[in-house]
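One-letter residues, chain by chain:
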Amino acid sequence: MDSASLNHAMIDDQEAQAAQTAADAFGQPGHESIEPMFINQRYDGYTEDNQEAWRQLYAEQMAYLPERASQVYLDGAEAIGLKPDGIPNIEQLNARLEPRTGWNSVPVPGYIPAKAFFACLAARRFPTTIVIRPLERLDYLPEPDIFHDVFGHVPLHADPVFADFLQTYGQAALHATTDQQTEELARLFWFTVEFGLIQEDDRLKVYGSGLISSPGESRHALESPEVDRRPFDLEQVIATPFEIDHYQPILYVLDSFDQLREAMLSYAGRLQPA
Ligand SMILES: [Fe+2]
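Residues numbered from 1 in each chain as written. Predicted model: local features only at pLDDT ≥ 70, side-chain atom pairs only at ≥ 80, totals over all residues.

A. Fine view of the packing of helix H8 (residues 160-175) against helix H13 (residues 257-271). At a minimum axis separation of 9 Å, H8 and H13 run at an interaxial angle of 20 degrees. Relative to H13, H8 is oriented roughly parallel. In the packing of H8 onto H13, the handedness of the crossing is left-handed. Each of Val 161, Phe 162, Asp 164, Phe 165, Thr 168, Tyr 169, Gln 171, Ala 172 and His 175 in H8 lies in contact with H13, whose residues at this interface are Phe 257, Asp 258, Leu 260, Arg 261, Met 264, Leu 265, Tyr 267, Ala 268 and Leu 271. Grouping the amino acids of the contact of H8 with H13 by side-chain chemistry returns 12 nonpolar, three polar and three charged. (Axes fitted to C-alpha atoms, helices over the stretch in contact; angles between N-to-C directions. Helix = DSSP H or I, 4+ residues; strand = E, 2+ residues; numbered from the N terminus. Parallel < 35°, antiparallel > 145°, perpendicular 65-115°, else oblique. Left-handed = near helix turned anticlockwise from the far one by under 90°. Contact = placed C-beta atoms within 7 Å. Nonpolar A, V, L, I, M, F, W, Y, C, P; charged D, E, K, R; others polar.)

Spelled out as structure tokens, the structure:
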């Protein structure tokens, strides 16, 4: 067995292949169900290095975030049982999350196409990557991993307001018909779910997963004088292009998650067929 396959022993190759095929075919006739694109997390497949990567990332971020992350995020992380001592078991996590908001984290083999992703959100299922970044490169993340997806995203799904927002996002995105709408929705996701800031108790806090799960990016977002931090405004957000391969120069700051839910409902209203 080479090192690459050792690295992914938490995934069954055959199951992952079938799931990826289902994800790629999603939306075609006979492929309307989201279920076949999900896989199982083979928890025993994580190596000691994998567990150590989680422990180091968790320790570094949880030393930093208590004063700097949204309280809604921190409460969610506690509610779903995130722990310092190792990678979460998704089944156990869902047993705590699902009763709160109806959301579940669902392991997927890797990248899934946009429509499939939106269909999952519309069903309160969050497609979740279960591999973890290499221990040697903890702050480098070319694509999502379980620290980004579970530590970064899933705690907010325990909050009823954010939970509603994200489902509405998925439902709306399924109704997008033009390239412009698709682009606008991608921007909305980017500047909120991935890189959002929020004003809480007169302090600037992070809540976006790309910030929460990255030691470098979270510090840059809150501390760098080079960042243009703008009050959240739906029209401005959907008109702002973003760049993915460096620290974010522009970020948007929410007043509250209610503000985000309302903005999402308003945008969704424009996409419903007349
Ligand atoms: Fe993400």
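What follows continues from the structure just given.
B. Inspection of the sheet that holds strand S4 (residues 203-206) at higher detail. Spatially, S4-S3-S6-S5 is the arrangement adopted by the four strands of the open sheet, whose pairing is mixed. Each edge of the open sheet is held by one strand with a lone partner, namely S4 and strand S5 (228-231). The mean angle between the axes of side-by-side strands here comes to 35 degrees, regardless of whether they run parallel or antiparallel. Looking at chain direction, strand S3 (residues 197-200) and S4 are connected through four bridges and run antiparallel. Across the sheet, the residue bridging to Ile 198 is Lys 205, located in S4. With respect to the sheet, helix H11 (residues 215-223) is in contact with S3, S4 and strand S6 (250-254), its orientation differing from that of S4 by roughly 155 degrees. (Pairing = 2+ DSSP bridges.)

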